[in-house]
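Topology and contacts: notes
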Amino acid sequence: MIIAGLVLAALAALLHVYIFYLESVVWTGTKARATFGTTAEEAQTTKLLAFNQGFYNLFLAITVVFGIVFFAKGDPTIGATLVFVGAGSMAAAALVLLLSSPGKWSAALTQGALPLLGVIALAIGLATA
């Protein structure tokens, strides 16, 4: 179960790197605007906000990756802590999105399901190890 949790957390990290790319690198482009449902004018107006938000997503992904590396290096305490913080924050941010914008439930589910499942699987795996 630990491996399943780490794999799910790694997939969540990859997704959040992609979100970083959309928000911080190509925010005003066609793909990002279609993904987030913004017009060219809205994208231009919110460009700096999205740039900053994208880095939050990147840093959470990096936290998860470092956690997985610590697990692989034989330090499960630090590894689990980092994975729980990174993936848990991803899941919590998805919950905030859902509660603040119920119409964006699909986006909240997309960004929150993998990290939540990763946290649950890792917790079960550690509890039963």
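Provided above is the structure to which this section pertains.
Report follows, based on the coordinates. None of the values given here were measured: they were computed from a predicted structure. (Residues numbered from 1 in each chain as written. Predicted model: local features only at pLDDT ≥ 70, side-chain atom pairs only at ≥ 80, totals over all residues. Heavy atoms only, no water.)

Mapped onto the elements, Asn57 comes out in helix 4 (residues 47–72). If we ignore the near neighbours within four places in the chain, the residues touching Asn57 are His16, Ile19, Phe20 and Glu23. (Helix = DSSP H or I, 4+ residues; strand = E, 2+ residues; numbered from the N terminus. Contact = heavy atoms within 4.5 Å.)

Here the focus is the side chain of Gln111. By secondary structure assignment, the location of Gln111 is in helix 6 (residues 105–128). Classification of Gln111 by relative accessible area gives buried; the value is 17%. When near neighbours in sequence (up to four residues on either side) are disregarded, Gln111 contacts Leu15, His16, Ile19, Met90, Ala93, Ala94 and Leu97. (Buried < 20%, exposed > 50% of the residue type's maximum accessible area, 1.4 Å probe, protein only.)

Moving on, we come to the nonpolar core. Judged by nonpolar contacts, the single largest core of 14 residues is most densely connected at Leu6, Val64, Phe71, Val83, Met90 and Leu122. When contributions to this core are tallied by element, the ones reaching two or more residues are helix 1 (2–25), helix 4, helix 5 (76–100) and helix 6. Aside from chain neighbours lying at most four places away, what touches Val83 is Leu6, Ala9, Val64, Gly67, Ile68, Gly88 and Leu122. (Core = buried A, V, L, I, M, F, W, Y, C linked by side-chain atoms within 4.5 Å.)

All right, on to the layout of surface pockets then. Its volume calculated, the largest pocket comes out at about 760 Å³. If you trace the largest pocket, you find 27 residues lining it, with Glu23, Phe36, Gln53, Leu97 and Gln111 closest to the centre. Of all elements in the fold, only helix 1, helix 2 (30–36), helix 4, helix 5 and helix 6 reach the threshold of two or more residues within the lining of the largest pocket. Sorting elements by how many residues they give to the lining of the largest pocket places helix 4 first, with 6 residues. (1 Å grid on protein atoms, 1.4 Å probe; cavity = no way out; pocket = protein on both sides within 12 Å on 5 of 7 lines; lining within 4 Å. Points joined across faces, edges and corners; volume = space filled by probe spheres on them.)

Attention now moves to the environment of Ala127. Within the secondary structure, Ala127 sits in helix 6. The exposure class of Ala127 is exposed, given its relative accessible area of 66%. The spacing of Ala127 and Ala9 is 118 residues in sequence and 17 Å in space, taken between C-alpha atoms.

We now examine the packing of helix 1 against helix 4. Where helix 1 meets helix 4, the closest approach of the two axes is 8 Å, and the angle between their N-to-C directions is 155°. Looking at the two axes, helix 1 sits roughly antiparallel to helix 4. Our pair here, helix 1 against helix 4, has a crossing hand that is left-handed. Counting all contacts with helix 1, which are made through Ile2, Leu6, Ala9, Ala10, Ala13, His16, Val17, Ile19, Phe20, Glu23 and Ser24, the residues of helix 4 involved are Ala50, Phe51, Gln53, Gly54, Phe55, Asn57, Leu58, Ala61, Val64, Val65, Ile68 and Phe71. Taken together, the residues of the contact of helix 1 with helix 4 sort by class into 17 nonpolar, 5 polar and 1 charged. (Axes fitted to C-alpha atoms, helices over the stretch in contact; angles between N-to-C directions. Parallel < 35°, antiparallel > 145°, perpendicular 65-115°, else oblique. Left-handed = near helix turned anticlockwise from the far one by under 90°. Nonpolar A, V, L, I, M, F, W, Y, C, P; charged D, E, K, R; others polar.)

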